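# Working through the structure, step by step
Below are the chains, spelled out letter by letter.
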Amino acid sequence: MIINTELEQKGNLFPGKIISFSQNVDKLNFTTDNGVILQLTILRGSVIRFRYATDTNFEKDFSYAISETGARGYSMLKVEENEKAYIITTSKISIHISKVNIHVTIYDKDDNVVCKDDWGFHWEQSHQYGGNIVKMSKSAPQGECYYGLGDKPMHLNLKGKRVENWATDQYAFGKDQDPLYKSVPFYIGMHEERAYGIFFDNTFKTFFDFCHERRNVTSFWAQGGEMNYYFFYGPDMQEVITRYTDLTGKPELPPLWALGYHQCKWSYYPESKVKEITNKFRELQIPCDAIYLDIDYMEGFRCFTWNKEYFPDPKRMVSELLEKGFKTIVIIDPGIKIDNDYFVYKEAINNDYFCKRADGPYMRGKVWPGECFFPDFTNPEVREWWAGLFKEIIGEVGVKGVWNDMNEPAVMEVPGKTFPNDVRHDYDGNHCSHRKAHNIYGTQMARATYEGVKRFAYPKRPFIITRSAYSGAQRYTSSWTGDNVATWEHLWIANIQAQRMSMSGMSFTGSDIGGFAEHPTGELYARWIQLGVFHPFCRTHSSGDHGNQEPWTFGEEIVEVTRKYVQLRYQLLPYLYTMFWEYAEFGIPMLKSLVLFDQKDPQTHYRTDEFVFGNQILVCPIQEPNAKGRRMYIPRGNWYNYWTGNYVKGGMEQWVDADLDTIPLFIKEGAIIPKYPIQQYVGEKKIEELKLEAYYCLGNKEVSKVYEDAHDGYDYAKGRFSLRSFSFTGKENEIIIQQHKDGSYITEYETMQIKLIGLPFKIHEIEIDNVVVSLESIKFDSENNIIIVPKDFTELHIVSA
Ligand code: GLC
């Protein structure tokens, strides 16, 4: 092949022809005449691992990303052979492996090509570092779209882009800037409505090219390690994501308060300032559950210490804050100040826990405290020690959550803004250089922090937030998108990043609301909070350099907008918690970009702004100043405008009014949306009644779920949860709502208030579980179509005259 010759001249090597095949249960090995082995592992009918060795030698098999609890097993596996290829068939796909060049082509059950090698696996030997630069290229049929890859601040559809994964501290990053803080080498390809995913589990610096270099080719490569990727077949995009999330792990449920509103700034101190801020939230009745202490709470930026001048009695303060419903969250960075009088430093030195350079000196770098050394979080003993350090802050002082920052790891005033490549890491016994450990460092720090917080917060649930992350970090931590800027463009970026993180298995993410660097106008802050309450993690944060960013600093009108939206978030907590449960239980992304919501509608493939929050609430932010509304695409199906109750038909672009206090919101017909009363913090009020807003639809289309439990603790894992499934059936003159209940948790409330929206008839009679009830007994409000019913009904008939 001419192409190969050209590439070979550039030092690329290619596999030869297959000379032997062997199978060991779920592992299939194909060896070529020049020492390449392709090993396939069949994890599930639609999840296949592809691993390539050169010199007939695999590395020791080890991954931080893969979860031990993921589903495994397949119902069918057949291997056949013809003149040209080996054909491996599972219940979902068949994989053809060419005998001449080991190229892979994957077909679905109808013989459609889903994914096909172009040059396939090839490599270059690395003379500088040893090992290989491993490469893969696949053909990209016309019209194929690409999504995923973590926190990239660019168009959701990555077609035409080349991106890089190398965790980087990017203060005030811009649109299209790459790389940022996270490395999630997972993408979804979609062609003719069929989606598949590829997770390149390689922690070295990786690159992905989506038809950027060559129009018909998609490729990915790494600066070391193995060509080791997992292929997921959909054809539903959501299935691809749930399978990826299952493989790399799902989170535990967070405490419900963590889904409330959080307030942060660099930095709130001293204690009186913290109290002033928290009191103001209560005074203005803007709900808030968490207050953050940034680096200034420490003594000279030494982690695990307190500045006693600013915070003379942290335990008292933390408990006083808690009495008012505020959970205290503190920042912990990886840099440990070089200081012989500092216990963390001394313990780490004495136990040899710090990272070292190739020839033995410690890895020294400047961060907030000045010169620092850095724990090697890839060493299990170091993680165990680090976890133990949380005894005092969590176990004794009563802090409820920990914020891990600067863990790319960030180093100041040096080229590359991080460790040099030669730094050594334990990598859980697979000793390596920073080239391999860099992208995973932040995740291993968050993991150690999670272990510690969980240990000392038990029996309550931990809360961790991280800036850097690699695939799988979702098992331990939430995340935020780093140091953004108070501009309208960044509002667009924040929306993209939250959606992209959801598609990348890391739903529990949000942006610094209002922007971290610079200062937003009141209008920008208002538009951002309107969007931010629909992101799984919801926190205002700012650098504090350019003025204050608490809602009241923008004047009365903005206070009202903020209150309205934060209140709405608190009302929607049972809906949000159910979304989280679906994510934690099944790996279902909490935010659904339109393409994920309806991939069969080509109109959705290039949309960026609109998304579905959970399964039934369509959100579209206003991203420009002085707007009175905007054009937006309403996906197929029928929807209700949340604010006006108007019924709209989807499948087209429309103008939607949205003054400063309105964000376009639509509810899917047939949905039953649960709400709690407004509370200033989670647990402030006893939930006396669950509100359900039921949106009429003709036919039987929608099932709505409400998951509840004690909102903290682990009893839910023993079955003490309450899962209600409602199905809505609408006829011209009748509605039937059926309820199915699971789990042994007894909710506090006894009744449910149901509000029927969009009802095409006047209610005449109501039956609960086949018994006609008097309309007075269920407090029927005929003007608003509201009824109050016992919580555990199984069937409700609402009939017209
Ligand atoms: C980094 C973080 C930011 C934090 C600051 C000080 O810039 O991204 O959120 O406030 O450090 O700790």
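Small disclaimer: the values here were computed from a predicted structure and weren't measured.

Reading the values: the criteria
- Residues numbered from 1 in each chain as written.
- Predicted model: local features only at pLDDT ≥ 70, side-chain atom pairs only at ≥ 80, totals over all residues.
- Heavy atoms only, no water.
- Pairing = 2+ DSSP bridges.
- Helix = DSSP H or I, 4+ residues; strand = E, 2+ residues; numbered from the N terminus.
- Contact = heavy atoms within 4.5 Å.
- Axes fitted to C-alpha atoms, helices over the stretch in contact; angles between N-to-C directions.
- Polar contact = N/O pair within 3.5 Å; in protein donor to acceptor, adjacent residues only side chain to side chain.
- Near = heavy atom within 4 Å.
- Areas by Shrake-Rupley, 256 points an atom, 1.4 Å probe, with all protein chains shown as cover.
- UniProt positions renumbered as here; feature names shortened; annotations may be inferred.
- Phe/Tyr/Trp six-rings, centres within 6.5 Å; stacked < 30°, edge-to-face > 60°.
- Buried < 20%, exposed > 50% of the residue type's maximum accessible area, 1.4 Å probe, protein only.
- Lys NZ or Arg CZ within 6 Å of the ring centre and 35° of its normal.

This paragraph deals with the sheet that holds strand S32 (residues 512–513). An order of S31-S30-S28-S25-S21-S20-S19-S33-S32 is seen for the 9 strands of this open sheet, with the pairing classed as parallel. Among the strands making up the open sheet, the edge pair consists of strand S31 (509–510) and S32. With 4 bridges connecting them, strand S20 (residues 290–293) and strand S21 (residues 327–332) associate as parallel partners. Note that in S21 the partner of Tyr292 across the bridge is Ile329. Relative to the sheet, helix H3 (residues 271–284) contacts strand S19 (262–263) and S20, its axis offset from that of S20 by approximately 160°. In the packing of helix H8 (residues 434–457) onto the sheet, the strands contacted are S21, strand S25 (401–404) and strand S28 (464–466), and the crossing angle to S28 comes to about 170°.

Another point: the environment of Trp528. Here Trp528 shows up in helix H10 (residues 522–532). Counting along the chain gives 34 residues from Trp528 to Thr562, while the straight-line C-alpha distance between them is 9.6 Å. Dropping the residues within four chain positions of it, Trp528 is found in contact with Asn484, Val485, Ala486, Thr487, His490, Leu491, Ala494, Ser511, Asp512, Ile513, Gly514 and Gly515. Polar contacts involving the side chain of Trp528 include one to the side chain of Ser511, which spans 3.1 Å.

In the neighbourhood of the ligand, the contacting residues comprise Trp266, Asp294, Ile295, Ile331, Trp368, Trp403, Asp405, Arg467, Trp480, Asp483, Phe516 and His541. Within the contact set of the ligand, an oxygen atom lies 2.9 Å away from a side-chain nitrogen or oxygen of Asp405. Its free accessible area being 310 Å², the ligand has 98% of it covered by the protein chains.

With numbering aligned to this structure, UniProt lists the feature "domain: Glycosyl hydrolase family 31 C-terminal" (unreviewed entry) at residues 587–673. When the span residues 587–673 is considered, its composition is 5% helix and 39% strand, and the gap between its end C-alpha atoms is 21 Å.

A word on the packing of aromatic side chains. Summed over the entire model, instances satisfying the criterion amount to 75 aromatic pairs. On the basis of an interplanar angle of 15° and a centroid distance of 4.9 Å, the ring pair of Phe50 and Tyr229 is categorised as stacked. Linking Phe50 in strand S4 (residues 47–53) with Tyr229 in strand S18 (residues 227–233), this pair joins segments that are 179 residues apart in sequence. Neither residue differs from the other here; Phe50 and Tyr229 are each classed as buried. Taking 4.9 Å as the distance between ring centres and 85° as the angle between the ring planes, the aromatic pair formed by Tyr642 and Trp643 counts as edge-to-face. Of the aromatic side chains, those joined through ring pairs into one cluster are Phe304, Tyr353, Phe374, Phe377, Trp385, Trp386, Phe390, Phe419 and Tyr441. Just above the ring of Tyr427 sits the side chain of Lys436; from NZ or CZ to the centre is 4.8 Å. Taking the ring centre of Trp403 as reference, the NZ or CZ of Arg539 above it sits at 4.7 Å.

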